[in-house]
Amino acid sequence: MTHADTVIDADLIRDLLREQHPDLAELPLELGARGWDNQLWRLGDELAVRLPWATESADDLLRKEHAWLPALAPDLPLPVPVPQRLGEPAERFPRPWLVTTWVPGAPADRVPVTRGEEAARALAGFLTALHRPAPEGAPSGRGRGGALAEHTSGFALQLAETVERGLVADPEAVRAVWDDAAAAPGWAGPPLWLHGDLHPANVLTADGTLCGVIDFGDLFAGDPAVDLAATWLLLPDGGVDAFHAAYEPAVDDATLRRARGWAVAKSLVGLLIGEAGVHGRPGGKKSWGPPARASLERLLATA
């Protein structure tokens, strides 16, 4: 993570709005969250401002959302942050930024799902609607959506680090899930629209179930196994089976195996980020540890 030299605060955002979108400049403004790529500020009751702050790639991700998400959003059964205005680079803030709709709810890493079957149906409906063939020219993934075997060396490094830090008790069982996934046949269908970064911090909950999906910066076309991996991270015990009973079309065995591989890799990343948060290291988030640990337990229990 590389934090920007520019201090992002309410005064800066109001100045940007006055210069480019003055009709929004006097709405109430408060910090919502500081994410991996962007800061999120709530603007009035129905809008939000997203500004890149921590990664150089965030600029392109925001422009991608602005270009593609508005056409997809009307067909999605869960609320998503629909881009409304694009802010252009300015002297005080030389990066693009977005005004989107505000999606209420709590991140699932902080307030997890408790109504598993209802959440499973909601997630299945959302991904069934999203996973449609993407048009020619749709964006590709940043190292995601291709052959799983290409990531084996990175997976091995992550597994070694989790073992070194005492986060994984049975590395051979974890490696077996990955090896089986990497050996599965690849996706033979057309590239499908994918969220690309479905983890608990990017899914919102209310009343024990899902109420929104945020952060479409990794939106791309590819193998649906990348998104299907999220079921182990997001849903409580029994939720994965309920998801697959509702998701259409039915997931074939090879795709399910690849999804398990992506899920075990995401679980290791979550464990490392969670442990870094416990010890106050940069980039760490304590809330990522528990869902990652539960996900890994579910994956190994069904291996």
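Residues numbered from 1 in each chain as written. Predicted model: local features only at pLDDT ≥ 70, side-chain atom pairs only at ≥ 80, totals over all residues. Heavy atoms only, no water.

> What is the right way to look at the side chain of Thr-255 in this model?
With respect to the secondary-structure elements, Thr-255 resides in helix H9 (residues 253–278). Thr-255 sits in the buried class, given a relative accessible area of 3%. Separated by 3.0 Å, the side chains of Thr-255 and Arg-258 make a polar contact. The residues touching Thr-255, leaving out its near neighbours within four places in the chain, are Trp-187, Asp-223, Pro-224, Ala-225 and Leu-228. (Helix = DSSP H or I, 4+ residues; strand = E, 2+ residues; numbered from the N terminus. Buried < 20%, exposed > 50% of the residue type's maximum accessible area, 1.4 Å probe, protein only. Polar contact = N/O pair within 3.5 Å; in protein donor to acceptor, adjacent residues only side chain to side chain. Contact = heavy atoms within 4.5 Å.)

> Where do I start with the sheet that holds strand S1 (residues 29–34) in this structure?
Whether parallel or antiparallel, the strands of a sheet pair through hydrogen bonds between backbone atoms. One open sheet accounts for five strands, arranged S1-S2-S3-S5-S4; its pairing is antiparallel. The strands lining the two open edges of the sheet, one partner per strand, are S1 and strand S4 (83–87). Between one strand and the next, the sheet's axes are offset by a mean angle of 25°, whatever the strand orientation. Bridge analysis of strand S3 (residues 47–52) against strand S5 (residues 97–101) gives four bridges, and the strand direction is antiparallel. Bridged to Val-49 within S5 is Val-99. Each of strand S2 (38–43), S3, S4 and S5 is contacted by helix H2 (residues 58–72), which is oriented at about 140° to S4, the strand it contacts most. (Pairing = 2+ DSSP bridges. Axes fitted to C-alpha atoms, helices over the stretch in contact; angles between N-to-C directions.)

> Quick question: what am I supposed to make of the layout of surface pockets here?
If you roll a probe as big as a water molecule over the atoms, it shows you where there is empty space left. Approximately 200 Å³ is the volume attributed to the second largest pocket. At four residues, the largest contribution of residues to the lining of the second largest pocket is made by helix H10 (residues 289–301). A per-class count over the lining of the second largest pocket returns eleven nonpolar, no polar and two charged. (1 Å grid on protein atoms, 1.4 Å probe; cavity = no way out; pocket = protein on both sides within 12 Å on 5 of 7 lines; lining within 4 Å. Points joined across faces, edges and corners; volume = space filled by probe spheres on them. Nonpolar A, V, L, I, M, F, W, Y, C, P; charged D, E, K, R; others polar.)

> What is the right way to read the packing of aromatic side chains from this model?
When we look at a pair of aromatic rings, we describe it by the centre distance and by the angle of the planes. Tallied over the entire structure, the rule returns three aromatic pairs. Ring centres of Phe-243 and Tyr-247 lie 5.4 Å apart, and the angle between their planes is 20°; this geometry places the pair in the stacked category. Note on accessibility: Phe-243 and Tyr-247 belong to one class, buried. (Phe/Tyr/Trp six-rings, centres within 6.5 Å; stacked < 30°, edge-to-face > 60°.)

> Please clarify how the packing of helix H4 (residues 152–164) against helix H5 (residues 171–182) should be interpreted in this entry.
Packed helices, taken two at a time, are described by their axes: the angle between them and the distance between them. Contact geometry for H4 and H5: axes closest at 11 Å, N-to-C directions at 165°. Relative to H5, the element H4 lies roughly antiparallel. The way H4 lies across H5 gives a crossing that is right-handed. Residues Thr-152, Phe-155, Leu-159 and Val-163 of H4 pack against Pro-171, Val-174, Arg-175, Trp-178 and Ala-182 of H5. The residue inventory of the contact of H4 with H5, partitioned by class, reads seven nonpolar, one polar and one charged. (Parallel < 35°, antiparallel > 145°, perpendicular 65-115°, else oblique. Left-handed = near helix turned anticlockwise from the far one by under 90°.)

The analysis is restricted to geometry; functional conclusions fall outside its scope.
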